[in-house]
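Descriptive structure summary
Listed here are the chains, written in short residue letters.
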Amino acid sequence: MEVGLRVVRGPDWKWGNQDEGEGHVGTVVEIGRQGSDTSPDKTVVVQWDSGSRTNYRVGYQDAFDLRVFDNAPIGVKHPIIMCDACKQQPIQGMCWRCTKCRDFDLCTLCYMADRHDTSHSFLRIDTVTTKGVKVGKRNSANLTKIKAIGIFSGARVVRGPDWDWANQDGGEGKIGRVSDIRGWDSESGRSVAHVTWVSGSTNVYRVGHKGKVDLKYIEAASGRSYYPDHLQVLGKFAEAETTPTCQFKVGDKVRVDLEAEILKVMQEGHGGWNPRMGEYVGRVGTVHRITERGDVRVQYEGCSNRWTFHPGSLTKVQLHKVGDMVCITEDIHLIKEQQKSHGEWTDAMKPTLGKVGRVLKVYPDGDLRVAVAGQTWTFNPVCCKAISSNQDINTTNSHEHDEPTRRSEETTGRSEETTAGLQGEVDRKQIRDRRANLDYIGLH
Ligand SMILES: [Zn+2]
Ligand SMILES: [Zn+2]
């Protein structure tokens, strides 16, 4: 739970029209804690868009007064997932996954706008670290849909409680008009309002960004409609359970296989860049934690800092040990790419493609010395798929090269059936795509 969440009244609401009526939106501006005068543990303080501020129960005495209308303002995103309706990637805020269709996700705007078949039920995935929660069908006869009301496009506003911008508004009480709600760089989504003041000056102001609210309305506007029953009850679900939309989990061995310059560009809005991170490129680290924003905290041996990485910059490293049987990938383009700085590639290695070999040595960076096809070479472990001795080698081979090729057509390769090894293939494909993109946009 974090300040900046946009909320509406929830199931145990018993406070009349403190919120100005059902559908009115507010912002969590303080999280309760033991010993606090304003907000004890399991309560939060909400700043309603109308300007009033009170605390509410989010588990206090087992009652829940609020629901999460939008968590994009606290920076929640699903980094590798694209909305299959509006094509937004990453999805900002909650992610909605169809339980009927394979690999079909919607952003919260599209879900609430009834995109996709409304007779299909969905999973609501609040953050990358929470389990999906199954919600009912949107076409259910008894399901209510409510129009959100508050600081949305068209609202007339004046300066609010956190105002910190001198007389930008033309002076206290001067009125402005919201022209749209947008995000703040890649830090937070739907978290600031663009306002034009009577003086004609315009600027953006925080409505949730960093838990601050610079405005209050004197005339509310209608926002999008929402299904209250499908929204998370604030405080009700334990956070950080599993990681269904993140391909990494705590304890995984990972490595950045990108050049520092590319990593630097990718890190924007994903934990940022520190030149010292360059020292860890190519080294194997351990996933310490997945952040609410879906970024990955990695711990390196002998390093007191933990670094936060864009998940797309990381490759899962399979742990092999001496004596393991591994199958070298058949994808020559992939192996050429991945061998850079990991033993390199020479055409003399061609006879090893798709062949099974034995690990002779594991280097400290995870690279493998493999005896294969009568030769001995150093391989990037991501090019080597582990084979268990009792597995039919031919099946494994054909499986390995068919699957990634087919899946590489997809933009967000994910599948519950995907094995760890194949997931690795897909991740790499994504990284290559990203690199191509970044080379183009960022570096030329
Ligand atoms: Zn969408
Ligand atoms: Zn569907």
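Computed from a prediction, not measured in an experiment: that's the story for all the values here.

1. Thoughts on the sheet that holds strand β11 (residues 133-134)
Read across the open sheet, the 4 strands follow the order β9-β8-β10-β11; overall the sheet is antiparallel. The sheet is open, and its two borders are formed by β9 (105-107) and β11, each paired with just one other strand. When strand β10 (residues 122-125) meets β11, the two strands line up antiparallel, connected through 2 bridges. By the bridge assignment for β11, L123 is matched with K134.

2. A closer look at the pairing of β10
Of the strand pairs in this sheet, strand β8 (residues 95-98) and β10 are connected by 4 bridges, and their pairing is antiparallel. Bridge assignment links R97 to a residue of β10, and that residue is L123.

3. A few points about the sheet that holds strand β19 (residues 253-256)
Strand order across the open sheet formed by 5 strands is β22-β21-β20-β19-β23, with antiparallel pairing between neighbours. Each having just a single partner strand, β22 (306-309) and β23 (314-316) make up the two edges of the open sheet. Between one strand axis and the next, the sheet turns by 45° as a mean value, whatever way the strands run.

4. Topic: the environment of V68
In this fold, V68 is placed in strand β5 (residues 66-70). The spacing of V68 and V28 is 40 residues in sequence and 9.7 Å in space, taken between C-alpha atoms. Beyond its immediate stretch of four places on either side in the chain, V68 contacts L5, V7, L231, Q232 and L234.

5. Describing the nonpolar core
One finds V7, V46, F69, I151, A193 and V207 to be the most contacted residues of the largest nonpolar core, which totals 52 residues. The element that contributes the greatest number of residues to this core is strand β15 (residues 188-197), accounting for 4 residues. Discounting chain neighbours no more than four positions away, the residues touching I151 are D49, V157, V178, A193, V207, L215 and Y217. Formed by 33 residues, the second largest nonpolar core is a distinct cluster that contains L314, M325, V359 and V382.

Basis of the calculations
The numbers attached to residues start from 1 for each chain and follow its sequence in the written order. The naming scheme follows written order: chains are lettered A onward, ligands numbered 1 onward. Local features in a predicted model are, by the rule used here, given only for residues with pLDDT of at least 70; side-chain atom pairs are given and counted only at 80 or more, and totals for whole chains, interfaces and linings are based on all residues. At least two bridges found by DSSP between two strands is the condition for calling them paired. A run of H or I in DSSP becomes a helix once it reaches four residues, and a run of E becomes a strand once it reaches two; helices and strands are each numbered from the N terminus. Here, axes are lines fitted to C-alpha atoms. For helices the fit covers the stretch in contact, and angles between N-to-C directions go from 0 to 180 degrees. Contact criterion: two residues are in contact if their C-beta atoms, reconstructed from the backbone, are within 7 Å. Note on terminology: a nonpolar core is any set of buried Ala, Val, Leu, Ile, Met, Phe, Trp, Tyr and Cys residues joined through C-beta atoms within 7 Å. Here a residue counts as buried when 20 or more other C-beta atoms sit within 10 Å of its C-beta, as exposed when there are 12 or fewer, and as partly exposed otherwise, the C-beta atoms being derived from the backbone.

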